[in-house]
Amino acid sequence: MTTTHTYDVTVEWTGNLGPGTDSYRTFSRDHEVLADGKAGIAASSDPAFRGDPTRWNPEELLVASVAQCHMLWYLHLCADGGVTVVDYEDHAHGVMTMDESGGGGQITEVVLRPEVTVADASMVEKARSLHGGVHALCFIARSVNFPITHAPVIRVQDN
């Protein structure tokens, strides 16, 4: 029997400044990302494409999704593998490369830079190696067509 999961979100454009999309410059790219029972995410396009720099853009949300999925699977593997993680922070970096015509582009790479703190020095090497198994499990990493690399830093908790 096949198991499926569904995810329903609403993207609501809030950028009609009066004339709608009368021309490329007459509307805001602002929108909300919504889901039942959750606070909305204020979003826009990348500032390079006339977006609001104070709002999340789709490219950032994609990079965040990659980093989130990696973290969640990594923590799962650590828990199963006897590695006690006491802190985790990732400074993920994504690159979008524009095509030569200037009309489009695509995410061409994401680099995850997790900084992991473990409870004991004996856990450091296993904590480092577990990152390598995440991509085979992470739903997002398995769904994208760009390389995802990681450069973890593993620290030991101060006692």
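Located above this text is the structure these notes cover.
An account of the accompanying structure is given in this report. Within every chain, residues take consecutive numbers counted from 1 along the sequence as written. Restriction of local features to residues with pLDDT of at least 70 applies here, the model being predicted, together with a cutoff of 80 or more for giving and counting side-chain atom pairs; totals for whole chains, interfaces and linings are based on all residues. Calculation of side-chain values draws on the structure's entire complement of heavy atoms; hydrogens and water are dropped beforehand.

### Some remarks on the sheet that holds strand β1 (residues 10-13)
- At least two DSSP bridges between two strands are needed for those strands to be called paired. Helical segments are the DSSP runs of H or I of at least four residues, strand segments are the runs of E of at least two, and each set is numbered from the N terminus. The strand order across the open sheet formed by three strands is β1-β2-β3, and the pairing between neighbours is antiparallel. Sheet topology places β1 and β3 (41-43) at the edges, where each strand pairs with a single neighbour. Neighbouring strand axes in the sheet, compared pairwise and without regard to direction, differ in orientation by 25° on average.
- Sheet topology places strand β2 (residues 31-34) next to β3; three bridges connect them, and they run antiparallel. By the bridge assignment, Glu32 is partnered in β3 with Ala42. With axes taken as lines fitted to C-alpha atoms, and helix axes fitted only over the stretch in contact, angles between N-to-C directions fall between 0 and 180 degrees.

### Focus on the sheet that holds strand β7 (residues 114-118)
- Pairing is mixed in the open sheet, where three strands are placed in the order β4-β7-β9. Since the sheet does not close on itself, it has two edges, and those belong to β4 (85-90) and β9 (153-156), each with one partner. Each neighbouring strand pair of the sheet contributes to a mean axis angle of 15°, computed without reference to strand direction.
- Judged from the five bridges that link them, β4 and β7 form a sheet pairing that is antiparallel. For Tyr88, the partnering residue across the bridge sits in β7 and is Val116.
- Note on contacts: a residue pair qualifies if any of its non-hydrogen atoms lie within 4.5 Å across the two residues. Along the sheet, helix α1 (residues 58-81) contacts β4, β7 and β9; its crossing angle with β4, the most-contacted strand, is approximately 160°.

### Let's talk about the state of the cysteines
- Here, two cysteine sulfur atoms that lie within 2.5 Å of each other are counted as a disulfide. Per the counting criterion, the structure on display carries one disulfide.
- A sulfur-sulfur separation of 2.5 Å characterises the disulfide bridge that pairs Cys69 with Cys138. Placement of Cys69 in helix α1 and of Cys138 in the loop between α2 (124-130) and β8 (148-150) is noted, with a sequence separation of 69 residues between them.
- Think of it in three bands: residues with accessible area under 20% of the maximum for their type are buried, residues over 50% are exposed, and the middle band is partly exposed, with areas taken using a 1.4 Å probe on protein chains only. Its relative accessible area of 8% is what places Cys69 among the buried residues.
- Residue Cys138 is classed as buried on the basis of its relative accessible area, which comes to 1%.
- Free of any disulfide, Cys78 has its nearest neighbouring cysteine sulfur in Cys138, separated by 15 Å.

### Remarks on the layout of surface pockets
- Cavity: a set of points on a 1 Å grid over the protein atoms alone where a 1.4 Å probe fits but cannot get out. Pocket: an open set with protein on both sides within 12 Å along at least five of seven lines, its lining residues, like those of a cavity, having an atom within 4 Å of a point. Grid points are joined across faces, edges and corners, and a volume is the space filled by probe spheres set on the points. Of the pockets and cavities examined, the largest pocket occupies roughly 860 Å³.
- The wall of the largest pocket is formed by 21 residues, among which Tyr7, Val9, Lys38, Ser65 and Gln68 lie closest to the centre.
- Going through the elements one at a time, β2 and α1 are the ones with two or more residues in the lining of the largest pocket.
- For the lining of the largest pocket, the element with the highest residue contribution is α1, accounting for seven residues.

### Comments concerning the side chain of Asp90
- Along the chain, Asp90 turns up in strand β4.
- Only four residue types enter the tally: Lys and Arg on the positive side, Asp and Glu on the negative side, with His and both chain ends excluded. We define a salt bridge as a contact between a side-chain nitrogen of Lys or Arg and a carboxyl oxygen of Asp or Glu at a distance within 4 Å. Buried charge without a salt bridge: Asp90, with Arg113 as the nearest opposite-charge side chain at an N-O distance of 5.8 Å.
- Only 3.2 Å separates the side chain of Asp90 from the backbone nitrogen of Ala92, close enough to count as a polar contact.
- In protein, a polar contact requires one atom able to donate a hydrogen and another able to accept it; more generally it is a pair of N or O atoms within 3.5 Å, and residues adjacent in sequence count only if both atoms are side-chain atoms. Side-chain polar atoms of Asp90 contact the backbone nitrogen of Arg113, separated by 2.8 Å.
- Not counting residues up to four positions away in its chain, the partners in contact with Asp90 are Ala67, Leu112, Arg113 and Pro114.

### Some remarks on the nonpolar core
- Counting 24 residues, the largest nonpolar core has Tyr74, Val83, Val110, Val118, Ile148 and Ile154 as its most contacted members.
- Among the secondary structure elements, those contributing two or more residues to this core are α1, β6 (105-112), β7 and α2.
- With seven residues, α1 is the largest single contributor of residues to this core.
- Those residues within four positions of Val83 in sequence are excluded, and the remaining contacts are Cys78, Val118, Met123, Lys126, Ala127 and Leu130. By convention a nonpolar core is built from buried Ala, Val, Leu, Ile, Met, Phe, Trp, Tyr and Cys residues, the set being connected through side-chain atoms within 4.5 Å.

Purely geometric stuff here, so don't read any function into it on its own.
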